[in-house]
Amino acid sequence: MDNLLDLRIELITGQKLAMQGSYQRRAPSKKAIPHLLVARKGLKDYVNQYPTNALAWQLLWEAEEYLLNYNEALTALQNALSLGEKDKKLLKRLAMLTEYGNQWKELGITSEQLKSLEIYLQEKLESYGCNHTLIYTREWLDINVLRNKKSKLVKALQNHGGFCDCEVLMNVID
């Protein structure tokens, strides 16, 4: 896929399947990932071949953001802004990307781990309900996170409004 229009269509297909909102992204759906990866690879190749194409950099930013690669998304968006006009909407996204990247770093877990936590909590809460503690989150942490990182991660979850299992689902993951 060398054509920018084809890459854009592939990206839009992935975005539609991703089941993500405009803000506070979460891991894309499994159906979306192949489309987003194809678009990202093609766009990376495209910007290597045409490094002054602002639209290509902007599309690469979107692909990286949907894949939760905030540092790469930030770089791509900065490149797009340096080549094109300073659109207020893009400047706002730049600020938000910086904030999301910092939040993601604070959590200290990958998007795959976050998706795993989401599935685990959904199953537990459907079966047992929420007792307004972090019992199931802590169970998941015991299985999936190094012991010395657990307390830092619990604090980070609480900083994002996750004071019990249902709040982790609503405020942190969604």
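A few points on the structure. Predicted model, so just to flag it, every value in this text is computed and none were measured.

## Side note on the overall build of the protein
Looking only at helices and strands, the protein features 9 helices and 0 strands. The linear arrangement of helices and strands in the protein, starting from the amino end, is α-α-α-α-α-α-α-α-α. For the protein, the spread of C-alpha atoms along the principal axes amounts to about 55 × 30 × 25 Å. Put simply, the protein has 174 residues, and 43% of those count as buried. Residue pairs at least 24 apart in sequence account for 59% of intrachain contacts in the protein once pairs closer than 6 positions are excluded. Here the protein has roughly 10000 Å² of accessible surface; of this, 52% comes from carbon and sulfur atoms. Side chains of the protein carry 23 positive and 21 negative charges; the gap between the two charge centres is 3 Å.

## A short note on helix α6 (residues 111-128)
For α6, with 18 residues, the first-to-last C-alpha span of 25 Å sits near the 26 Å given by 1.5 Å per residue. Within α6, burial applies to Ser-111, Leu-114, Leu-117, Glu-118, Tyr-120, Leu-121 and Leu-125. Gly-129 lies just past α6 and shows a positive phi near 75 degrees.

## Details of helix α9 (residues 165-173)
Of all the residues in α9, the buried ones are Asp-165, Val-168, Leu-169, Val-172 and Ile-173. On an axial view of α9, the arc spanned by its buried residues comes to 115 degrees, and they lie on one face.

## Description of the packing of helix α1 (residues 4-18) against helix α2 (residues 33-49)
Interaxial distance between α1 and α2 falls to 8 Å at its minimum, and their mutual angle equals 150 degrees. In terms of orientation, α1 lies roughly antiparallel with respect to α2. You can see that α1 and α2 cross each other, and the crossing is left-handed. Of the residues in α2, those touching α1 at Leu-4, Leu-7, Glu-10, Leu-11, Thr-13, Gly-14, Gln-15 and Leu-17 are His-35, Leu-36, Val-38, Ala-39, Gly-42, Leu-43 and Tyr-46. Residue composition of the contact of α1 with α2, by class: 9 nonpolar, 5 polar and 1 charged.

## Some details on the pattern of salt bridges
Using the criterion set out here, one finds 7 salt bridges in the structure. Asp-45 is paired through a salt bridge with Lys-41; the nearest N and O atoms lie 3.0 Å apart. Here Lys-41 and Asp-45 lie together in helix α2, a separation of 4 residues that amounts to about one turn. Here Asp-45 falls in the partly exposed class, since its relative accessible area comes to 41%. We note a salt bridge from Glu-139 to Lys-124, for which the minimum N-O separation is 3.8 Å. With a gap of 15 residues between them, Glu-139 in helix α7 (residues 135-144) and Lys-124 in helix α6 connect regions that are remote in the sequence. By relative accessible area, which is 22% here, Lys-124 ends up partly exposed. Each of Arg-40, Lys-44 and Glu-64 takes part in salt bridges that share partners, so that together they form one network.

Rules of the game
- Residues numbered from 1 in each chain as written.
- Predicted model: local features only at pLDDT ≥ 70, side-chain atom pairs only at ≥ 80, totals over all residues.
- Heavy atoms only, no water.
- Helix = DSSP H or I, 4+ residues; strand = E, 2+ residues; numbered from the N terminus.
- Buried < 20%, exposed > 50% of the residue type's maximum accessible area, 1.4 Å probe, protein only.
- Contact = heavy atoms within 4.5 Å.
- Areas by Shrake-Rupley, 256 points an atom, 1.4 Å probe, with all protein chains shown as cover.
- Lys, Arg positive; Asp, Glu negative; His and termini not counted.
- Charge placed at Lys NZ, Arg CZ, Asp CG, Glu CD.
- Expected span 1.5 Å × (residues − 1).
- Arc of directions from axis to C-beta.
- Axes fitted to C-alpha atoms, helices over the stretch in contact; angles between N-to-C directions.
- Parallel < 35°, antiparallel > 145°, perpendicular 65-115°, else oblique.
- Left-handed = near helix turned anticlockwise from the far one by under 90°.
- Nonpolar A, V, L, I, M, F, W, Y, C, P; charged D, E, K, R; others polar.
- Salt bridge = Lys/Arg side-chain N within 4 Å of Asp/Glu carboxyl O.

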